[in-house]
Amino acid sequence: MFDVIAPYATQLLLGLLLTLKVALGSFVLGLVLAVLCAPLTQSRRNPLRKVLDLYVTVIRGVPELLVIFLIFYGGTIVLTKLSGSYFEVDALTAGIVALGAVAFAYLLEILRAALQSIPAGQREAALVLGLSRRQMFVHVILPQMLQRALPGLGNQWLIVLKESALVSIVGLEELMRKSVIAAGATHHPLTFYLSAACLYVAVSALSSAIFAQAEQRLTPVQR
Amino acid sequence: MSYEILMAAIPIVWDGLWLTLVITLSAFVLGQVVALPLAMAADARSRFVSAPARAYIFFVRGSPMLVQLFIIYYGLGSLEAVRDSIFWPILKEPLGCAILAVGLNSAAYMGALLRGAISQVPDGQGEAARTLGLSPWQTLTRVTLPQAYRYVLPVLGNEITLVMKASSLASAVTVVEMTGAARALVARTYAPFEVFTVAGALYLMLALGFAALFRAIERKTAIPGLSGNDA
């Protein structure tokens with residue numbers, strides 16, 4: 001079994017690197033958007049809140065694969081129209097944008113719940129102390145929100161990591177696609193798909209350990 | 001967006017709907033059937049029972065479903081022992097593999113969830129049931145599980161939506177369910193927005209339908225006097 005994998009080991013590891021790139025890229029994209037939009041979910045009047053609610057409902061009910069296809073094929077059409085000449089979206093960008101857009105919806109829900117659990121007194125106290133609304137959010141609300149959201153964020157990271165395998169379907173040569181290629185070339189599908197699965201499991205387990213550590217580190221903050 | 005293409009896409013994508021439903025419902029049922037013994041095995045006293053169950057949950061939850069689908073469809077099919085076995089009629093069909101992959105994946109998540117739900121039921125209830133002379137089987141089916149399942153019911157509605165979304169992976173092994181039908185149509189018409197909007201809307205409709213169904217079940221099975229659905 002080992003002599004079958006050995007010639008492809010470098011390729012698999014390169015694939016793993018790209019997998020991490022896609023997953024990390026879309027997770028960060030989703031998280032940044034979610035942090036920016038999270039305060040909007042708390043305001044009662046803001047019409048944007050309704051838009052966000054609708055967005056979350058749609059994303060939750062539609063397969064990730066469909067979103068990837070939409071961005072991959074649709075992006076090419078939009079960009080071709082905009083630029084005037086044929087312009088193809090590469091699978092990496094399409095993957096990061098699509099999975100980021102999906103992660104954004106779930107992360108927004110996680111942050112919304114975390115935000116709601118912060119007592120109103122915190123906000124009032126910050127304002128009474130003379131902090132501006134912006135300072136209040138950055139220095140008082142944001143750190144508490146992220147800390148409370150940490151278990152949810154860790155979970156979502158694992159989901160994004162596993163969803164990144166779907167981008168292989170539009171041709172991105174990440175870990176999954178590399179295994180498909182190796183499996184086809186060697187006629188040893190079981191060997192390569194099991195190896196890929198083990199690599200994913202290893203990254204998942206490592207990430208879980210890191211998040212558990214971070215949670216423990218941050219817990220004393222909360223009295 | 002062209003209105004004509006949108007309208008023309010509806011019947012074609014709709015044709016994939018029933019396969020999406022077949023995969024979703026069969027995989028969901030398979031997941032539920034496997035999840036319970038898995039959850040109980042994971043908490044069994046004997047290590048020889050609990051260790052494999054826990055390892056299964058760990059590995060399935062730690063790797064992408066697409067890999068699992070490929071392991072089942074391409075991987076198992078490459079083994080001669082599998083091709084000679086009685087399971088071959090199912091494993092040689094992409095549809096059967098898709099249902100198996102999605103179902104077994106769902107089972108791992110549900111198993112972990114049920115484990116938590118069962119441990120939520122206070123120990124005193126089991127002791128009380130034994131004192132009243134109930135057999136272990138009666139205790140399980142009459143006391144523990146009714147409470148555990150009420151506890152997981154809100155999550156079950158969520159799970160069937162996740163299974164429905166996962167059913168789209170079947171298109172990766174040539175099953176022409178909704179996503180597969182939509183993608184094939186895009187290849188012909190080159191109208192991704194119209195076609196994927198139709199597919200997305202149909203998926204959303206199914207998801208909202210499942211959500212409504214499970215809310216109704218929750219209301220029906222709620223115990224009067226207990227707030228919400230948690231016991």
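Thresholds applied
- Residues numbered from 1 in each chain as written.
- Chains lettered and ligands numbered in written order.
- Predicted model: local features only at pLDDT ≥ 70, side-chain atom pairs only at ≥ 80, totals over all residues.
- Heavy atoms only, no water.
- Helix = DSSP H or I, 4+ residues; strand = E, 2+ residues; numbered from the N terminus.
- Buried < 20%, exposed > 50% of the residue type's maximum accessible area, 1.4 Å probe, protein only.
- Lys, Arg positive; Asp, Glu negative; His and termini not counted.
- Charge placed at Lys NZ, Arg CZ, Asp CG, Glu CD.
- Areas by Shrake-Rupley, 256 points an atom, 1.4 Å probe, with all protein chains shown as cover.
- Phe/Tyr/Trp six-rings, centres within 6.5 Å; stacked < 30°, edge-to-face > 60°.
- pLDDT = per-residue confidence, 0-100.
- Contact = heavy atoms within 4.5 Å.
- Buried area = accessible area lost by both parts, 1.4 Å probe.
- Salt bridge = Lys/Arg side-chain N within 4 Å of Asp/Glu carboxyl O.
- Nonpolar A, V, L, I, M, F, W, Y, C, P; charged D, E, K, R; others polar.
- Patch = residues over 30% accessible without salt bridge, like charges linked within 9 Å, V, L, I, M, F, W, Y side chains within 5 Å.
- Axes fitted to C-alpha atoms, helices over the stretch in contact; angles between N-to-C directions.
- Parallel < 35°, antiparallel > 145°, perpendicular 65-115°, else oblique.
- Left-handed = near helix turned anticlockwise from the far one by under 90°.
- Core = buried A, V, L, I, M, F, W, Y, C linked by side-chain atoms within 4.5 Å.
- Expected span 1.5 Å × (residues − 1).
- Arc of directions from axis to C-beta.

## A closer look at the overall build of chain B
Here is step 1 of the chain: From N to C terminus, chain B includes 10 helices and 0 strands.
Here is step 2 of the chain: Counted from the first residue to the last, chain B has its helices and strands arranged as α-α-α-α-α-α-α-α-α-α.
Here is step 3 of the chain: Taking all 231 residues of chain B together, 45% fall into the buried category.
Here is step 4 of the chain: Distance between charge centroids for chain B: 8 Å, based on 16 positive and 13 negative side chains.

## Description of the overall build of chain A
Here is step 1 of the chain: Along its length, chain A carries 9 helices and 0 strands.
Here is step 2 of the chain: Each helix and strand of chain A, placed in order from N terminus to C terminus, yields the pattern α-α-α-α-α-α-α-α-α.
Here is step 3 of the chain: Its C-alpha atoms put chain A at 70 × 50 × 25 Å along the principal axes.
Here is step 4 of the chain: Counting all 223 residues of chain A, 47% fall into the buried class.
Here is step 5 of the chain: Only carbon and sulfur atoms are counted for the fraction: they give 67% of the accessible area of chain A, which is about 11200 Å².

## Looking at the packing of aromatic side chains
Here is step 1 of the chain: Tallied over the entire structure, the rule returns 13 aromatic pairs over all chains.
Here is step 2 of the chain: Ring geometry for Y193 of chain A versus F70 of chain B: centroids 5.4 Å apart, planes at 65 degrees, classification edge-to-face. Of this pair, Y193 of chain A sits in helix α9 (residues 189-218) while F70 of chain B is found in helix α3 (residues 65-75), placing the two residues in two different chains. Taken individually, Y193 of chain A and F70 of chain B each receive the classification buried, so the pair is uniform in this respect.

## Some thoughts on the confidence of the model for chain A
Here is step 1 of the chain: When pLDDT is averaged across chain A, the result is 93; 98% of the residues are at 70 or more.
Here is step 2 of the chain: Per-element mean pLDDT across chain A ranges from 86 in helix α1 (residues 2-5) of chain A up to 97 in helix α2 (residues 9-37) of chain A.

## With respect to the interface of chain B and chain A
By a frequent convention, interface size equals the accessible area lost on bringing the separate parts together.
Here is step 1 of the chain: Taken together, the contact pairs 36 residues of chain B with 35 residues of chain A.
Here is step 2 of the chain: Taking both sides of the interface into account, the surface hidden between chain B and chain A amounts to around 3000 Å²; carbon and sulfur atoms contribute 80%.
Here is step 3 of the chain: The largest per-residue losses of area from chain B upon contact with chain A belong to K165, R183 and F196 of chain B, which jointly make up 20% of the total buried on that side.
Here is step 4 of the chain: At the junction of chain B with chain A, the criterion picks out 1 salt bridge.
Here is step 5 of the chain: E64 of chain A is the partner of K165 of chain B in a salt bridge, and the nearest nitrogen-oxygen pair spans 3.2 Å.
Here is step 6 of the chain: Sorting the residues of the side of chain B that touches chain A by element identifies α2 (47-62), α3, α8 (136-166), α9 (178-189) and α10 (192-221) of chain B as the ones contributing at least two each.
Here is step 7 of the chain: Sort the elements by how many residues they give to the side of chain B that touches chain A and α10 of chain B lands first, with 9 residues.
Here is step 8 of the chain: Looking at the side of chain B that touches chain A, its residues break down into 24 nonpolar, 9 polar and 3 charged.

## Focus on a nonpolar patch on the surface
All names here are of chain B.
Here is step 1 of the chain: The grouping of Y3, M7, I10, W14 and M205 at the surface amounts to a nonpolar patch, some 530 Å² of accessible area in total.
Here is step 2 of the chain: Looking at which element gives the most residues to the nonpolar patch, the answer is helix α1 (residues 3-42), with 4 residues.
Here is step 3 of the chain: Summarising the element assignment, M7 is placed in helix α1.

## What to know about the environment of I159 of chain A
Here is step 1 of the chain: Residue placement: I159 of chain A occurs in helix α7 (residues 133-163).
Here is step 2 of the chain: A C-alpha to C-alpha distance of 24 Å links I159 of chain A and S117 of chain A, two positions 42 residues apart in sequence.

## Remarks on the packing of α1 of chain B against α10 of chain B
All names here are of chain B.
Here is step 1 of the chain: Running from N to C, α1 and α10 point in directions that differ by 40 degrees, and their axes come no closer than 9 Å. What the angle tells us is that α1 and α10 run oblique. The interaxial crossing formed by α1 with α10 has right-handed handedness. Where α1 abuts α10, its residues I5, L6, A9, I10, V13, W14, L17, T20, L21, T24, L25 and F28 lie against E194, V195, V198, A199, L202, Y203, M205, L206, F210 and F214.
Here is step 2 of the chain: Considering only residue class, the contact of α1 with α10 consists of 19 nonpolar, 2 polar and 1 charged.

## A closer look at the nonpolar core
Here is step 1 of the chain: L108, L111, M145, L153 and M176 of chain A together with V13 and L69 of chain B are the most contacted members of the largest nonpolar core, which totals 128 residues.
Here is step 2 of the chain: Among the elements that take part in this core, helix α5 (residues 91-116) of chain A stands out by supplying 16 residues, more than any other.
Here is step 3 of the chain: With sequence-adjacent residues up to four places away left out, M176 of chain A is seen in contact with A165, S168, Y193 and Y200 of chain A together with L66, V67 and F70 of chain B.
Here is step 4 of the chain: Of all hydrophobic cores here, the second largest spans 5 residues; its members include L38, A41, A53 and I57 of chain B.

## A few points about helix α8 (residues 175-186) of chain A
In an α-helix there are 3.6 residues to a turn, and that puts residues three or four apart on one side.
Here is step 1 of the chain: Over its 12 residues, α8 of chain A runs 16 Å from end to end, which matches the ideal 16 Å to within 8%, given 1.5 Å per residue.
Here is step 2 of the chain: Taken as a whole, α8 of chain A has its buried residues at L175, M176, K178, S179, A182 and A183 of chain A. For α8 of chain A, the buried positions fall inside an angular range of 160 degrees around the axis, keeping them on one side.
Here is step 3 of the chain: Elements in contact with the buried residues of α8 of chain A: α2 and α9 of chain A together with α3 of chain B.
Here is step 4 of the chain: Positive backbone phi, at 60 degrees, marks H187 of chain A, one or two positions downstream of α8 of chain A.

## A short note on unusual backbone geometry
The bulk of non-glycine residues show a negative phi, and the bulk of peptide bonds are trans.
Here is step 1 of the chain: Residue H187 of chain A is not a glycine yet carries a positive backbone phi of 60 degrees.
Here is step 2 of the chain: Topologically, H187 of chain A is positioned in the loop between α8 and α9.
Here is step 3 of the chain: You can call H187 of chain A exposed: its relative accessible area is 65%.
Here is step 4 of the chain: Phi is positive for T174 of chain B, close to 75 degrees, though the residue is something other than glycine.
Here is step 5 of the chain: Inspection of the secondary structure puts T174 of chain B in the loop between α8 and α9.

## Some remarks on the packing of helix α6 (residues 120-128) of chain A against α7 of chain A
All names here are of chain A.
Here is step 1 of the chain: Viewed as axis vectors pointing N to C, α6 and α7 meet at an angle of 145 degrees, and their least axial separation amounts to 10 Å. You can see that α6 and α7 cross each other, and the crossing is right-handed. On α7, the residues touching Q122, R123, A126 and L127 of α6 are R133, M136, V140, I141 and Q144.
Here is step 2 of the chain: Looking at the contact of α6 with α7 residue by residue, the classes come out as 5 nonpolar, 2 polar and 2 charged.

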